[in-house]
Amino acid sequence: MNHLSKVVAVTLFGLVLAGCTGAPMKTQQYDASQYTVVGHSEASATGLMLFGVIPIRQNSRFVRAQDAAIKAKGGDALINTQVQENWFWAWVLSGYTTKVSGDVIKLKNVQ
């Protein structure tokens with residue numbers, strides 16, 4: 001039984017660490033000659049924290065919002081980016097909504 005408890009403890013610890021990772025929002029500097037502005041776009045994504053410690057789509061919300069804003073205009077990247085956050089609270093969870101807006105560009109020579 002002692003071996004089983006160690007395996008369960010290590011598994012839980014691994015799951016907690018995996019829940020604490022996230023993908024960074026990628027931004028890049030472009031010269032004006034490298035792109036054409038398609039138009040302004042914005043999108044939002046929400047993540048939850050269950051019981052204040054269990055993240056549910058929490059750490060990827062920045063990237064999801066950025067990707068959705070770019071996809072909405074059919075572009076390649078986002079420039080002049082602005083990020084806004086709002087949150088809400090309920091008894092067993094709290095939610096965080098990230099709104100990303102900016103100018104969507106289409107690269108002339110896709111890298």
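Residues numbered from 1 in each chain as written. Predicted model: local features only at pLDDT ≥ 70, side-chain atom pairs only at ≥ 80, totals over all residues. Heavy atoms only, no water.

Caption draft 1: Inspection of the side chain of Ser-101 at higher detail. With respect to the element layout, Ser-101 can be found in strand β4 (residues 93-107). Classification of Ser-101 as buried rests on a relative accessible area of 9%. Filtering out sequence-adjacent residues up to four positions away, Ser-101 remains in contact with His-40, Ser-41, Glu-42, Leu-78, Asn-80, Thr-81 and Gln-82. (Helix = DSSP H or I, 4+ residues; strand = E, 2+ residues; numbered from the N terminus. Buried < 20%, exposed > 50% of the residue type's maximum accessible area, 1.4 Å probe, protein only. Contact = heavy atoms within 4.5 Å.)

Caption draft 2: Inspection of the pairing of strand β3 (residues 77-89) at higher detail. As paired strands, β3 and β4 are joined by 11 bridges and run antiparallel to one another. Residue Leu-78 lies in a different strand from β4, and its bridge partner there is Val-104. Here β3 folds back onto β4, and the loop between the two strands holds 3 residues. (Pairing = 2+ DSSP bridges.)

Caption draft 3: Main features of the packing of aromatic side chains. Applying the stated criterion across every chain, the model contains 2 aromatic pairs. Summarising the aromatic geometry, the rings of Tyr-30 and Tyr-35 are spaced 6.5 Å apart at their centres and angled 75° between planes, so their arrangement reads as edge-to-face. Among the residues examined, Tyr-35 registers a relative accessible area of 16% and is labelled buried. (Phe/Tyr/Trp six-rings, centres within 6.5 Å; stacked < 30°, edge-to-face > 60°.)

Caption draft 4: Quick look at the pattern of salt bridges. Applying the stated criterion across every chain, the model contains 3 salt bridges. Note that Glu-42 and Lys-99 form a salt bridge whose closest N and O atoms lie 3.6 Å from each other. One end of the pair, Glu-42, is in strand β1 (residues 35-50); the other, Lys-99, is in strand β4, and 57 residues separate them in sequence. Exposure remark for Glu-42: the relative accessible area of 45% places this residue in the partly exposed category. On the basis of relative accessible area, Lys-99 is assigned to the partly exposed category, the value being 29%. (Salt bridge = Lys/Arg side-chain N within 4 Å of Asp/Glu carboxyl O.)

Caption draft 5: Here's a closer look at the sheet that holds strand β2 (residues 54-56). Taken together, 4 strands build an open sheet; the order of strands is β2-β1-β4-β3 and the sheet is antiparallel. Only two strands of the sheet have a single neighbouring strand rather than two, namely β2 and β3. Here the strands of the sheet are splayed against their neighbours by 20° on average, with no regard to which way each runs. Across 15 bridges, β1 lies against β4 in antiparallel orientation. The residue of β4 that forms the bridge with Val-37 is Ile-105. Most of the contacts of helix α2 (residues 61-73) go to β1, to which it runs at about 145°, and overall it touches β1, β3 and β4. (Axes fitted to C-alpha atoms, helices over the stretch in contact; angles between N-to-C directions.)

Caption draft 6: Layout of α2. For α2, built from 13 residues, the straight-helix expectation of 18 Å at 1.5 Å per residue is met to within 8% by its first-to-last C-alpha distance of 19 Å. Three or more residues of α2 are buried, namely Arg-61, Val-63, Ala-65, Gln-66, Ala-69 and Ile-70. Buried residues in α2 make contact with β1, β3 and β4. Downstream of α2 by a residue or two, Gly-74 has a phi angle that is positive, lying close to 70°. (Expected span 1.5 Å × (residues − 1).)

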